[in-house]
Structures are given as C-alpha cells and as structure tokens.
Number of protein chains: 2
Amino acid sequence: MAAGHIDFWFTMGSTYSYLSVMRLVQLERLTGIRFRWRPFHLLVILQEMKHVPFADKPRKSAYMWRDIERRAAMYDIPVSLPAPYPAQQSIMANLVASVGMRQGWGVAFVRAAYRRWLQLGQETGSEPNLSESLRDIGVEPQRALALAITAEAKAALMEETDFARDLGIFGSPTFVVGGELFWGDDRLEEPDSLGG
Amino acid sequence: MAAGHIDFWFTMGSTYSYLSVMRLVQLERLTGIRFRWRPFHLLVILQEMKHVPFADKPRKSAYMWRDIERRAAMYDIPVSLPAPYPAQQSIMANLVASVGMRQGWGVAFVRAAYRRWLQLGQETGSEPNLSESLRDIGVEPQRALALAITAEAKAALMEETDFARDLGIFGSPTFVVGGELFWGDDRLEEPDSLGG
C-alpha cells in the first residue's frame, strides 16, 4: 500500500467519531498513512440541512449507543455509555481543537476530551471536560481557552467548516482521500479509503 | 460458526438494501445461515420520526449513490446509478413482496424488482417494474397485483411494520439476530451479526 495522506474531518460533538479518534494513531503506525486532523463545526451544516441525526430520535439514538458499544468492543476501545448527548457546547471543543491543531497539541487534546466524554461521562465542550483535558496533556487551560474564543479562532473554525461544506461533507467522521469522501468510521475498512 | 437464522427486515424503497438483496443468497450458501426475508413499510416509521434520510438532502444523496457504487463494485454487483429516487409507490412493491413471501416467490420477486430498479432504472413499486419483475419470475402479474391490494395484504404488511417498530427498527436493511439489531448492509461483516 502506498503511503499517502488522508484528511480526517471530524466534529467534537460526534459520538461515532470517538472510534476513529482512538484508532487513527495505531492505524498510522500500521499503515504508514498520515492522517491530517481537521476539526470543523458540523452543527452549522446540519442546521442548514435541517437534519438532526439522533437527538430527537430515541430509537435511532438507542441503536447508536449499542452500535458504538459493539464496535468499540471489536476494537478493544474502552467505552462507558450512554454519554451526555447532545453536547450543548460542542463549539467550544471544536474551537479548542482547532487552536490546538495549529499549536501542535490538537490531536492529544481531542483524544483526551473524547476519553473524558465517552469513558468518564464528562460532556465534551463543557467544564470540567475542557480544562481537565487540557491539563491532561500539559496545556495551561486559561491561556488555551482564551485563545479559543478570539475572533481569529472562530474565523479559522468557520473557514474549515466552509471548506468541509464545499467538499460535500455532511457528517462526522468523514475521510477524504483523492477527492473521494468516506463517511463513517466503518468506512476505514473499505479498500479504497486506505488507498488500496 | 453455528448455523442459525437471521431476520432480514427490508423495505423495497431503500436503495442500500439492494446490496443485501444481492448478497444474501450467496451468504446463505457460504455460511449455512438462513435469512428470513421480512418486508415492511418503513415509510410509516420514518414519517412518525419526521425523518427524511436522503430525499431532501442533496449532498447526502450524492454521497449515498457514490457509496453504493463503491460497495457494489467491492462485491461485484452490477449497478447503474443514480436510479429513480425516492420511489413514489414503494408501498406497492412492499405489498407484492409481502404477498410473495407467503406464496413462496417473494425472494425471487424482490431480487427481480431490485435488478430492474438499480440496474435498468425502472422505479420500484411502479409500472413497468412491478409487472415485468413478476413476469421475470414466472408469476402472472394481474393476479399477483390484485392480491397485493386486498385489505388482507395491507393488514399483513402493516402488522409486520408494527412488529418492526416494536423491535426498534428505523432503517433498512436491518438484521435481527438473538434480539440484537444491526442496521445497514455493512454490518453483515460485523462478527456478532453472523453469530461467529
């Protein structure tokens, strides 16, 4: 398999993205593929589509939790479900993740925040998840959170969100490779998505 | 893997169900598992949920066709996309499938109708798809269609739809095995879903 790179588009309020967040580091090691982590604010796109994937659909939500639980077990990823959902302040998590990607601690933050959300039940984007996740990775919360709410940080996140919309993205996680979209952690197993 | 049986819940208006419809016969042969084909009228449940999976979502629909195309290629299943969607009269296809399941020609009809829809572009549930699919499998269309619009046939389909709703089903295809739901053709590859 040729080494290449795959864009990993994700939004911090997405439950299913947890599986990818936990898997990608190992997948990189095994395959030599480099994933470029690109947080965006999916909620804006969902609202434009008038699409609520789970929150107002109890049967679909119940299935979602069970499906995630089964797939986490399949990959030996710890999980404690259901987690708080929907996350009311997912925009804050996306802003911090976005700042972190530019500063070099983004992937570590995303992994810490997801662990706290889906293993410890701390809602992502809210306190104590935000500050504790930053502390977990050795980043001073006050400074990082101040950076996250600047106009520049918001503009950068919305620019990425516009980019995602232009690519045709409507869900998280979405993998983009060679101009092709693959939606869902389960599509990582599809031959084309990893370049053959 | 222990031989057992899996309920295959599907609705004829579902595009993704085409993949399962084309795969199950071979899967039965390879695994010894028996699939029980159970058509139901998903549209009723979607309307109760106020959920429109694709029809009013152009980006998601575009992705759906591409995803089906890639997965069909993966399984060597012929497909010609996009097909007419949404199918306006999917209830007729479900009623005929439901009558056919009781009379022993249901699986053959479903396969013929899907081939005509996703290979030849004939909208499922409408003419000429209905009559030609019946003729393809040697069933006299006039008699079968007359049976499909009886009050008994409608009641039987709605009874199955109620059963599906009670199981927590909200999409097609859904596989039910040992009380567990697996939504989506892609979940057939999940170890638990085939009992192995």
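Residues numbered from 1 in each chain as written. Chains lettered and ligands numbered in written order. Predicted model: local features only at pLDDT ≥ 70, side-chain atom pairs only at ≥ 80, totals over all residues. Heavy atoms only, no water.

Novice: What should I look at first to understand the overall build of chain A in this one?
Specialist: Across its full length, chain A holds eight helices and four strands. Across chain A, helices and strands are ordered from the amino to the carboxyl terminus as β-α-β-α-α-α-α-α-α-α-β-β. Against the 2.2 N^0.38 benchmark of 16 Å for 196 residues, chain A shows a C-alpha radius of gyration of 16 Å, consistent with a compact globule. Summarising its shape, the C-alpha atoms of chain A cover approximately 45 × 35 × 35 Å along the three principal directions. (Helix = DSSP H or I, 4+ residues; strand = E, 2+ residues; numbered from the N terminus. Rg over C-alpha atoms; globule rule 2.2 N^0.38 Å.)

Novice: Looking at this model, I keep getting lost on the pairing of strand β1 (residues 5-10) of chain A. Mind explaining?
Specialist: When a strand is regular, its side chains alternate between the sheet's two faces. Residues and elements named next belong to chain A. Of all six residues in β1, five are buried, a share of seventy percent or more. Where β1 lies against strand β2 (residues 34-39), six bridges are found, and the strand directions are parallel. By the bridge assignment for β2, Phe10 is matched with Pro39. The β-α-β motif built from β1, the intervening helix α1 (residues 17-31) and the parallel element β2 has right-handed crossover chirality. (Buried < 20%, exposed > 50% of the residue type's maximum accessible area, 1.4 Å probe, protein only. Pairing = 2+ DSSP bridges. Right-handed = clockwise from strand over helix to strand, strands pointing away.)

Novice: In this structure, what is going on with the relation of the copies chain B and chain A? I would like to understand it.
Specialist: Superposing the two chain copies requires a rotation about an axis and a translation along that axis. With an axial shift of 0.0 Å and an RMSD of 0.0 Å, the rotation relating chain B to chain A amounts to 180°. Overall, the copies show the geometry of a two-fold rotation axis. Taken as a fraction of all interface residues of chain B, those also at the interface in chain A reach 100%, which identifies the copy contact as same-surface. (Least-squares fit on C-alpha atoms with pLDDT ≥ 70 in both. Contact = heavy atoms within 4.5 Å.)

Novice: Is there a simple way to explain the side chain of Ser61(A) in this structure?
Specialist: Inspection of the secondary structure assignment puts Ser61(A) in helix α3 (residues 58-74). For Ser61(A), the side chain forms a polar contact with the main-chain oxygen of Phe54(A), separated by 2.9 Å. (Polar contact = N/O pair within 3.5 Å; in protein donor to acceptor, adjacent residues only side chain to side chain.)

Novice: Would you take a moment to explain the sheet that holds strand β3 (residues 174-177) of chain B for this structure?
Specialist: Adjacent strands of a sheet form backbone hydrogen bonds with each other and so pair up, either parallel or antiparallel. Residue and element names in this part refer to chain B. Sheet architecture is open: four strands sit in the order β2-β1-β3-β4, paired in mixed fashion. Pairing within the sheet leaves two strands with one partner each, and these edge strands are β2 (34-39) and β4 (180-183). Ignoring strand direction, the axes of neighbouring strands in this sheet form an average angle of 25°. In this structure, β3 lies alongside β4, joined through four bridges in antiparallel fashion. Opposite Phe175, over in β4, you have Phe182 as the bridge partner. (Axes fitted to C-alpha atoms, helices over the stretch in contact; angles between N-to-C directions.)

Novice: I keep staring at the confidence of the model for chain A and nothing clicks. Help me out?
Specialist: Low pLDDT marks regions whose predicted coordinates should not be analysed in detail. Mean pLDDT over chain A: 94, with 95% of residues reaching 70 or higher. ipTM for the predicted complex: 0.89, alongside a pTM of 0.92. (pLDDT = per-residue confidence, 0-100.)

Novice: Which parts of the structure should I look at to understand the interface of chain B and chain A?
Specialist: Interface size, as often reported, equals the accessible area lost upon joining of the parts. At the interface, 26 residues of chain B touch 26 residues of chain A. Roughly 2500 Å² is buried in total at the junction of chain B and chain A, and carbon and sulfur atoms are behind 52% of that figure. Looking at the side of chain B facing chain A, the largest losses of area belong to Arg59(B), Tyr63(B) and Arg70(B), adding up to 27% of the total buried there. Between chain B and chain A we count eight salt bridges in total. For the salt bridge of Asp186(B) with Arg187(A), the shortest nitrogen-to-oxygen distance reads 2.7 Å. At the junction of chain B and chain A, the tally comes to twelve residue pairs in polar contact (both at pLDDT 80 or more). (Buried area = accessible area lost by both parts, 1.4 Å probe. Salt bridge = Lys/Arg side-chain N within 4 Å of Asp/Glu carboxyl O.)

Novice: Can you walk me through helix α8 (residues 151-167) of chain A in this structure?
Specialist: For an α-helix the count is 3.6 residues per turn, leaving residues at separations of three or four pointing the same way. Residue and element names in this part refer to chain A. When the terminal C-alpha atoms of α8 are compared, their 24 Å separation across 17 residues agrees well with the 24 Å that a helix rising 1.5 Å per residue should span. Among the residues of α8, Ala153, Leu157, Thr161, Ala164 and Arg165 are the ones counted as buried. In a view along the axis of α8, the buried residues occupy a sector of 115°, so they form one face of it. Turned more than 90 degrees from where α8 packs its buried face, Ala151, Glu152, Glu159 and Asp166 sit exposed. (Expected span 1.5 Å × (residues − 1). Arc of directions from axis to C-beta.)

Novice: Looking at this structure, how should I read the pattern of salt bridges?
Specialist: Working definition: two side chains of opposite charge can pair if their charged atoms are close together. All names here are of chain A. Going through the model one piece at a time under the given rule, you end up with 32 salt bridges over all chains. Arg165 is the salt-bridge partner of Asp162, the closest N and O atoms lying 2.8 Å from each other. One end of the pair is Asp162 and the other is Arg165, both in helix α8 and three residues apart, which spans about a single turn. Overall, Arg165 belongs to the buried group, its relative accessible area being 18%.

Novice: What should I look at first to understand the nonpolar core in this one?
Specialist: Counting residues in each nonpolar core, the largest one holds 59 residues, and the members touching the most others are Met12(A), Phe35(A), Val96(A), Phe109(A) and Val110(A). Once you skip the residues sitting within four places of it in the chain, Val96(A) turns out to touch Trp105(A), Phe109(A), Leu130(A), Leu134(A), Leu145(A) and Ala148(A). Listed in part, the 58 residues of the second largest apolar core include Leu27(B), Met92(B), Ala97(B) and Val177(B). (Core = buried A, V, L, I, M, F, W, Y, C linked by side-chain atoms within 4.5 Å.)

Novice: What's the story with unusual backbone geometry in this structure? I'm lost.
Specialist: Residues and elements named next belong to chain A. At the junction of Tyr85 and Pro86, the peptide bond is cis and its omega measures out at -5° in the coordinates. Note that Pro86 resides in the loop between α3 and α4 (90-103). In this structure, the amide linkage connecting Ser172 to the following residue, Pro173, adopts the cis form with an omega of 0°. Among the structural elements, Pro173 can be located in the loop between α8 and β3 (174-177).

Novice: Please clarify how the packing of α4(A) against helix α5 (residues 106-118) of chain A should be interpreted in this entry.
Specialist: Each pair of packed helices can be described by the angle between their axes along with the distance between the axes. Residues and elements named next belong to chain A. Between α4 and α5, the shortest axis-to-axis distance is 7 Å and the interhelical angle comes to 150°. One finds that α4 runs roughly antiparallel with respect to α5. Mapping the contact onto sequence places Ala93, Val96, Ala97, Gly100 and Met101 in α4 and Gly106, Val107, Phe109 and Val110 in α5. Grouping the constituent residues of the contact of α4 with α5 by class yields seven nonpolar, two polar and no charged. (Parallel < 35°, antiparallel > 145°, perpendicular 65-115°, else oblique. Nonpolar A, V, L, I, M, F, W, Y, C, P; charged D, E, K, R; others polar.)

Novice: Please clarify how the packing of helix α1 (residues 17-31) of chain B against helix α5 (residues 106-118) of chain B should be interpreted in this entry.
Specialist: Residue and element names in this part refer to chain B. Look at α1 against α5: their axes get within 10 Å of each other, and the N-to-C directions meet at 135°. Classified by the angle between their axes, α1 and α5 sit oblique to one another. In this structure, the crossing between α1 and α5 has a hand that is left-handed. On the side of α1, the interface is formed by Ser17, Tyr18, Val21, Met22 and Val25, while α5 contributes Val110, Arg111, Tyr114, Arg115 and Leu118. (Left-handed = near helix turned anticlockwise from the far one by under 90°.)

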